[in-house]
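# Descriptive analysis of the structure
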2 protein chains.
Amino acid sequence: MRFDYRPIGVIDTPWDGPENMPIQPAGAAGVEGTVRLFEEYREGLQDIEGFSHIILLYHFHRSRSFELRVIPYLDTRPHGVFATRAPRRPNPIGLSVVRLLRVEGGTLYIRDVDMLDGTPLLDIKPFVPEFDVPRDVRAGWLEELQHAARGRRSDDRFAG
Amino acid sequence: MRFDYRPIGVIDTPWDGPENMPIQPAGAAGVEGTVRLFEEYREGLQDIEGFSHIILLYHFHRSRSFELRVIPYLDTRPHGVFATRAPRRPNPIGLSVVRLLRVEGGTLYIRDVDMLDGTPLLDIKPFVPEFDVPRDVRAGWLEELQHAARGRRSDDRFAG
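Quick caveat: nothing in here was measured; it's all calculated off a predicted structure.

Conventions we followed
- Residues numbered from 1 in each chain as written.
- Chains lettered and ligands numbered in written order.
- Predicted model: local features only at pLDDT ≥ 70, side-chain atom pairs only at ≥ 80, totals over all residues.
- Least-squares fit on C-alpha atoms with pLDDT ≥ 70 in both.
- Contact = placed C-beta atoms within 7 Å.
- Helix = DSSP H or I, 4+ residues; strand = E, 2+ residues; numbered from the N terminus.
- Buried ≥ 20, exposed ≤ 12 C-beta atoms within 10 Å, placed from the backbone.
- Nonpolar A, V, L, I, M, F, W, Y, C, P; charged D, E, K, R; others polar.
- Pairing = 2+ DSSP bridges.

## Notes on the relation of the copies chain A and chain B
Superposing chain A onto chain B takes a rotation of 180° plus a shift of 0.0 Å along the axis, which leaves an RMSD of 0.0 Å. When the rotation and shift are considered jointly, the pair of chain copies conforms to a two-fold rotation axis. If distances are taken from each C-alpha of chain A to the rotation axis, the shortest is found for Asp4(A), at 2.6 Å. Mapped onto chain B, 100% of the interface residues of chain A again fall at the interface, so both copies present the same surface.

Rendered as structure tokens:
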């Protein structure tokens, strides 16, 4: 079984290489970018401007392979890839929650962008607290480290 | 450009058809299911049991087509598909945040499952509040309606 997905748009950001970029939206606070939705999908944006935040699903287009155990940016020990947000995954799909500033035609102006310039967009979903924010969360090995993402930058470990 | 993704496992749930099922994890509170990760990916689960919640990305395998404007379960008016969580999307990728109860070998026992039985799994990511919970959220047309998802069931409008 295979799934044949196609890009529905492109994400433009200031980050042009996998080195020295924010490692999560929390580390990209204030950084702006745009989502350019392809013409044929624009009708699907109706009413999206009412949402302050959207979930972007995108293809990690620089990921050429994957590893099942990785040493992520925030730690010095290896973890299973499914316990990390590392880009080199069996299906290299990225997920970021970003702030939606405004919509002009097929262009969405967004803030807190942590993906590479030219990233192919797969889907946009509205961020809805009732659906997306569970209660009593425990964040495993990231419980203490998650806040260190703020201001941290990547290195080249996941390049290629 | 096309992306060729493959299932990494299967999600087993009590929901065997697109009718009369919960429309979001919030409406599936307490309902348990399992994720069976295929053997070759199991090493990637290391340390995942420390997380109370995981994000599942999966393929809406019953979605055969898409519409850019849809009338979602929670409303009587049409909205752009990207302003909804409806399954019939240009790239039919689903996203659910579920509670992780325990891990046994390659099987993850999960709670609050709102996807169909036999759903092909694309990715597992750890849910990390610092990355996934923004501040000052406004949920557009769903702002007042989102809480009505609790206990609501689907009908057949997105079947096929």
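## Details of unusual backbone geometry
Residues and elements named next belong to chain A. Residues other than glycine seldom take positive phi values, yet aspartate 47 does so here, at roughly 75°. For aspartate 47, the position within the fold is in the loop between strand E3 (32–37) and strand E4 (53–59). On the basis of neighbour counts, which here come to 19 C-beta atoms within 10 Å, the residue aspartate 47 falls in the partly exposed class. Even without being glycine, aspartate 136 reaches a positive phi, approximately 55°. Along the chain, aspartate 136 falls in the segment after helix H1 (129–132). By the C-beta count within 10 Å, which is 7 here, aspartate 136 ends up exposed.

## Notes on the interface of chain A and chain B
Between chain A and chain B, the contact holds 64 residues from the first and 64 residues from the second. The class makeup of the residues in the side of chain A that touches chain B is 36 nonpolar, 13 polar and 15 charged. Two elements, strand E1 (residues 3–5) of chain A and strand E1 (residues 3–5) of chain B, share 3 bridges in a ladder whose sense is antiparallel. Within the sheet, the bridge partner assigned to Tyr5(A) lies in E1(B) and is Phe3(B).

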